[in-house]
Amino acid sequence: MDLEAIYKEANALLEGHFLLASGNHSSRYLQSAKVLEYPKKAALLTDELTRMIKDAGIEADTVCAPALGGVLAGYELARSLDVRSIFVEKKDGAMELRRGFEITPGERVIICEDIITTGGSALKAAKAIEALGGKIVAFASLANRGFCKRVGGSNDIKPECALPKDIPFFAIDDFIFEMYAPQECPMCKEGKTEAIKPGSKG
Ligand code: ZN
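Calculation notes
- Residues numbered from 1 in each chain as written.
- Predicted model: local features only at pLDDT ≥ 70, side-chain atom pairs only at ≥ 80, totals over all residues.
- Heavy atoms only, no water.
- Phe/Tyr/Trp six-rings, centres within 6.5 Å; stacked < 30°, edge-to-face > 60°.
- Helix = DSSP H or I, 4+ residues; strand = E, 2+ residues; numbered from the N terminus.
- Buried < 20%, exposed > 50% of the residue type's maximum accessible area, 1.4 Å probe, protein only.
- Polar contact = N/O pair within 3.5 Å; in protein donor to acceptor, adjacent residues only side chain to side chain.
- Contact = heavy atoms within 4.5 Å.
- Salt bridge = Lys/Arg side-chain N within 4 Å of Asp/Glu carboxyl O.
- Disulfide = S-S within 2.5 Å.

Student: I keep staring at the packing of aromatic side chains and nothing clicks. Help me out?
Tutor: Across all of its chains, the model carries four aromatic pairs by this definition. Ring geometry for Phe18 versus Tyr29: centroids 5.8 Å apart, planes at 50°, classification tilted. Here the residue Phe18 occupies a position in strand 1 (residues 13-19), and Tyr29 occupies one in strand 2 (residues 25-30), the gap between them amounting to eleven residues. Taking relative accessible area as the criterion, Phe18 reaches 4% and is therefore assigned buried.

Student: What exactly am I supposed to notice about the side chain of Ser80 here?
Tutor: Within the secondary structure, Ser80 sits in helix 4 (residues 71-81). Within the local environment of Ser80, its side chain forms a polar contact with the side chain of Thr46, the two groups lying 3.1 Å apart. Apart from the residues within four sequence positions on either side, Ser80 is in contact with Ala43, Thr46, Asp47 and Thr50.

Student: Hey, could you run me through unusual backbone geometry in this one?
Tutor: Most peptide bonds adopt trans geometry, and most residues besides glycine take a negative phi value. Cis peptide bonds are those with omega within 30 degrees of zero, and the linkage from Ala67 to Leu68 qualifies with 0°. Inspection of the secondary structure assignment puts Leu68 in the loop between strand 3 (62-66) and helix 4. Positive phi, close to 55°, is recorded for Asn11, a residue that is not glycine. Mapped onto the elements, Asn11 comes out in the loop between helix 1 (3-9) and strand 1. A positive phi angle is found at Asp92, which is not glycine, with a value near 50°. With respect to the helices, strands and loops of the structure, Asp92 is situated in the loop between strand 4 (84-91) and strand 5 (94-97). For Asp92, a relative accessible area of 75% gives the class exposed.

Student: Help me understand the pattern of salt bridges in this model?
Tutor: A side chain with one charge can pair with a side chain of the opposite charge if their charged atoms come near. Going through the model one piece at a time under the given rule, you end up with 17 salt bridges. Of the charged contacts, one joins Arg28 and Glu4 as a salt bridge, the two residues approaching to 3.1 Å between their closest N and O atoms. On the criterion of sequence distance, the pair formed by Arg28 in strand 2 and Glu4 in helix 1 is long-range, its members being 24 residues apart. Taken together, the shared-partner salt bridges connect Glu4, Lys8, Glu15 and Arg28 into one network.

Student: Explanation requested: the state of the cysteines in the structure shown.
Tutor: Two cysteines, two sulfur atoms, one covalent bond between them: this is a disulfide. The tally for this structure, following the rule as stated, stands at one disulfide. In this model Cys148 forms its disulfide with Cys161; the gap between the sulfur atoms is 2.1 Å. Measuring the twist about the S-S bond at about 105°, one finds the Cys148-Cys161 disulfide to be right-handed. Placement of the pair is Cys148 in the loop between strand 7 (135-144) and strand 8 (169-174) and Cys161 in the loop between strand 7 and strand 8, with a sequence separation of 13 residues. Across the pair, exposure class does not vary: Cys148 and Cys161 are buried alike.

Right, here's the structure in full:
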């Protein structure tokens, strides 16, 4: 599966001069909401993730996503796997299960995000599920940004990766972009453009 081509076709892989949440600059930006705009395309992606998860012999009862970014990917993955779909929401810097969602002790849960960057939100979701007695059997995302290492990936894990190393992490492919501190950014040095913040508001 050519994930980059699918993202480009959906205008979900932006090229320009971007200010990332981390404060760094980059010439590329992933807007995964765009690739999930068409349910049939989203289904193709999560069917591929399901194949990878099943090939690895992982069995799950439930997919849990951190809201809001992971909800669509998590729901589609649950459909592909034919399991339950739930999500956790931010509260006071952590994640919590609301809306009557419940976890049975020992329930096997996959935490699903659209993109895993450092995996911070995914880890918080995992902690919320574990606190209720659930067992995290895998992490999954459509794409890996290169801080963590997916099953079958070839990059090195960076110190920023928050995902536990003893639980497998599945992603369809890696999107490893150069990032620059503002004072070292070649596009800033060129002086033609200013870095813009695409994010969820753009
Ligand atoms: Zn710049």
